[in-house]
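# Tertiary structure, described
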Amino acid sequence: MDSINFNLYWKVINEVTGYDFSGHNPKLIMRRLECFVSKEKIGSADELRERLFTDRFSKENLLGNLLTNYTEFFRDPLFFQTLLKEIIPALANYSKISIWHAGCSTGEEVYSLAILLDELNLLDRCQIIATDINEQNIISASSGIFPIGKVKEASYRYFRSGGTRHLSKHYTAYYDHIVFDHKLRSKIKFVNQDMIQTKPALRFHLVLCRNVFIYFNYVLQQKALTTICNSMYNYGYFAMGAQERIVNMEDYNLALINYENKIFRKVI
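## Regarding the packing of helix α5 (residues 77-91) against helix α6 (residues 108-119)
Remark: α5 packs on α6, axes separated minimally by 11 Å, with the N-to-C direction vectors making an angle of 50°. With respect to their mutual orientation, α5 and α6 come out oblique. α5 and α6 meet at a crossing whose hand is right-handed. Packed against α5, whose contacting residues are F80, L83, L84 and I88, the element α6 presents E109, S112, L113, L116 and L117 at the interface.

## So, the nonpolar core
Residues L83, I99, L117, I128, F180 and F190 are the most contacted members of the largest nonpolar core, which totals 43 residues. For L117, the contacting residues outside a window of four places in its chain are I88, I99, L122, L123, C126 and I128.

## Considerations on the packing of α5 against helix α8 (residues 148-161)
For the pair α5 and α8, interaxial distance at closest approach is 8 Å and the crossing angle is 30°. Taken as axis vectors, α5 and α8 run roughly parallel relative to one another. Remark: the crossing between α5 and α8 carries right-handed chirality. Counting all contacts with α5, which are made through P77, F80, Q81 and L84, the residues of α8 involved are R157, R160 and S161. Of the residues assigned to the contact of α5 with α8, the class counts are 3 nonpolar, 2 polar and 2 charged.

Definitions and limits used
- Residues numbered from 1 in each chain as written.
- Predicted model: local features only at pLDDT ≥ 70, side-chain atom pairs only at ≥ 80, totals over all residues.
- Heavy atoms only, no water.
- Axes fitted to C-alpha atoms, helices over the stretch in contact; angles between N-to-C directions.
- Helix = DSSP H or I, 4+ residues; strand = E, 2+ residues; numbered from the N terminus.
- Parallel < 35°, antiparallel > 145°, perpendicular 65-115°, else oblique.
- Left-handed = near helix turned anticlockwise from the far one by under 90°.
- Contact = heavy atoms within 4.5 Å.
- Core = buried A, V, L, I, M, F, W, Y, C linked by side-chain atoms within 4.5 Å.
- Buried < 20%, exposed > 50% of the residue type's maximum accessible area, 1.4 Å probe, protein only.
- Nonpolar A, V, L, I, M, F, W, Y, C, P; charged D, E, K, R; others polar.

Right, dumping it as structure tokens:
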């Protein structure tokens, strides 16, 4: 795919889906698009437009290929340990705790934190909003249904993250899949939303946006940070994760409090 056709393809994608990928890692996103058009045997931008307009499954498949969806239950236990030791005790002082998971993918890490909050008897005081640009991710996450192998693999990470019971206490198993308890699902609102364009109506004590910024260029990082910081209470927390790059956080009144896990506090 030459550069001229590449630009035409992006115009079609923006036209049909409404998503602008210009601020994403160009090499990564180009490679994924090339793989998609090759696999689907699409030979031109016009053919891509027709396919996306007439076949919603192709549209969903395209977005699934372009957007980064890697996640797992209790990913990086040290991160969750740090939240439990350094952040959650401070949040426990509030009568109501509002949390935003931005770029939540299929929801594994959202449920992970909800489980730990439940075991601390804090979940009833929490309002959790989880957003993702991929509608299929939101539909999947909202169901609370996951392959049973995913939670079996997560048991060790659960205990390392600070879990105090048994992971199976939080779900019901049905043959090859599990369904998380209604209590967990009822405390999480999953929303199909672009974090760059729109911020939730609430303000938050804790915002988590893990392993998302590494796929953004500098301009997109700035836009995302502006949205996130405007949604936070003063002295609220912003947690990114160990793999993220630190940009000019001081410009957003964010003070680094844990370097290893890239956790900041908003201080005006």
